[in-house]
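Each chain, written out:
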Amino acid sequence: DFFLHHHHHDHEHTAIPPVDTATSPIIQVEPFNNLIQDQQIAYLAEGLQAQLISDLSHYPILRVRFGGVVAKGPLPEGQRPADFSLRGTVIDLGGTVRLTLLLVDERDSNILWSTVREVDTQSGETHREMLESVQSIVANLGATSGILQAQALREVDLHRQRAPEPTQISSFECILRWRAYDSYKNNADREAVHTCLRELTENGTQDGSIWAAHAFLTFLDWTKQTDLTDIEALDNALIAANRAIQLSPDESTSHEYLASILMARGDLDTALQSYARAATLNPSNPDVRVLLGWNRILRGDWENGVADVRMGLTISPNPPGWFRIPLSMDAFRQGDYRAALSQADLMIISGDERGIPLALAAAIRLEDMVAIERYQQMLAQSELNQEYPFGSIKAVLNMPHVVSKYLAALEAEMPNQF
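In this report, the structure presented in the accompanying data block is examined. All values derive from a computational prediction rather than experimental measurement.

Re unusual backbone geometry
Point 1. Even without a glycine there, the phi angle at Ser109 is positive, about 65°.
Point 2. Its location among the elements puts Ser109 in the loop between β5 (96-105) and β6 (110-120).
Point 3. Look at Glu367: it is not a glycine, yet its phi comes out positive at around 55°.
Point 4. Summarising the element assignment, Glu367 is placed in the loop between α14 (355-366) and α15 (369-381).

Shown next, in the form of structure tokens:
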């Protein structure tokens, strides 16, 4: 386990609590129906349940409750009923334990999602398989591309459509919209996210997740600068990330964002400590697995770094485009331009415009004139920095020998633009 020792600078803030903790949906994990008769492995049901509760609790859009501690009958005064319940059955099939899970909307009893997972109890890999199953389940539920994020956004949008007049964006809605923007980089959402994060931080919110999102959006803005040696925005992002950790030291996202900022500053060792802390707090977050891979790649370990990235892709229900940046770059550096183009195209399809210069360079090396013209048009219409469109890639994964290969291809086709 790694622990961070950062110096925090206290500033005057208007002390206001998070705007709307009561708005975050409550997911109640019911006691699993444990049908395992063999007492040697009966513990697996409790282990799976405990790990699910622990990992789900680290997502800022959720509040997690264990159904076993909720008394039957009326809820205590002031306590909200659960919005969703997670119900599980565990059965021994003889050498294999099968877990069946249902996510139920408690308001109408509709089943929103279900899954069946099996863990081999005789291979000697039981613990590893159990953890991998939990990580995949939790990512499907709580990750930025998971079902609960999508469900919450739909409900927020529906509420806004029915509201008689426009209302201010709450902390909860702001985080939902930030998570959606961070995953898919939809430029139509960018201004609303900027506005709500700025307003909440200027008003002195004590919600660490808001400060973390503000830190990372400030960092993303820096990556779009022409002059990446101007690190004022990067310093501001670092201050905001440290503020987030000060407010919410056990929230994994704050440590994840801090690590990405530190990595861009070239401090790979401290970044690794922060990523490790984020992974300890929420081992089911596929983003951290991918970013640990980025850290390895920046150290020159492409083989293991790419393996980490692919593992993150495996456990993510709908991987965001940025996961594929190192995969496209790895293929390009090895001369596999078709694979590089394929990964870059998947980025573009997901809404991440940073895939455009990656795709353009691969198309140039493939001498595909139709594709070159298409990507040039896309580049001209994008919101990338037109003076230095490759800067947004260099800012997050600066491998000089690989970047030089890209720039050689791009400058040959489009002199003076790269």
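Regarding the nonpolar core
Point 1. Grouped together as the largest cluster of nonpolar side chains are 121 residues, with contacts concentrated most on Trp178 and Trp294.
Point 2. Of all the elements, helix α6 (residues 208-223) adds the most residues to this core, at 10 residues.
Point 3. Trp178 has contacts with Val193, Leu197, Ala213, Phe216, Leu217, Leu220 and Tyr257, leaving out every residue within four places of it along the chain.

A look at the packing of helix α8 (residues 252-264) against helix α10 (residues 286-298)
Point 1. Contact geometry of α8 with α10 gives a least axis separation of 11 Å together with a crossing angle of 20°. Taken together, the axes of α8 and α10 are roughly parallel relative to one another. Here the hand of the crossing between α8 and α10 comes out left-handed. From α8, Glu256, Ser260 and Met263 reach across to α10, where they touch Asp287, Val288, Leu291, Trp294, Asn295 and Leu298.
Point 2. Residues that form the contact of α8 with α10 fall into these classes: 5 nonpolar, 2 polar and 2 charged.

Describing the pattern of salt bridges
Point 1. The full count for this structure, using the stated rule, is 19 salt bridges.
Point 2. One salt bridge in this structure joins Asp105 and Arg107, with 2.9 Å as the shortest N-O distance.
Point 3. Accessibility expressed as a relative area gives 46% for Arg107, which makes it partly exposed.
Point 4. Glu173 serves as the salt-bridge partner of Arg177, at 2.9 Å between the closest nitrogen and oxygen. Remark: Glu173 and Arg177 occur in helix α4 (residues 171-184); sequence separation between them is 4 residues, near one turn of the helix.
Point 5. For Glu173, a relative accessible area of 6% corresponds to the buried category.

What counts, and at which threshold
- Residues numbered from 1 in each chain as written.
- Predicted model: local features only at pLDDT ≥ 70, side-chain atom pairs only at ≥ 80, totals over all residues.
- Heavy atoms only, no water.
- Helix = DSSP H or I, 4+ residues; strand = E, 2+ residues; numbered from the N terminus.
- Core = buried A, V, L, I, M, F, W, Y, C linked by side-chain atoms within 4.5 Å.
- Buried < 20%, exposed > 50% of the residue type's maximum accessible area, 1.4 Å probe, protein only.
- Contact = heavy atoms within 4.5 Å.
- Axes fitted to C-alpha atoms, helices over the stretch in contact; angles between N-to-C directions.
- Parallel < 35°, antiparallel > 145°, perpendicular 65-115°, else oblique.
- Left-handed = near helix turned anticlockwise from the far one by under 90°.
- Nonpolar A, V, L, I, M, F, W, Y, C, P; charged D, E, K, R; others polar.
- Salt bridge = Lys/Arg side-chain N within 4 Å of Asp/Glu carboxyl O.

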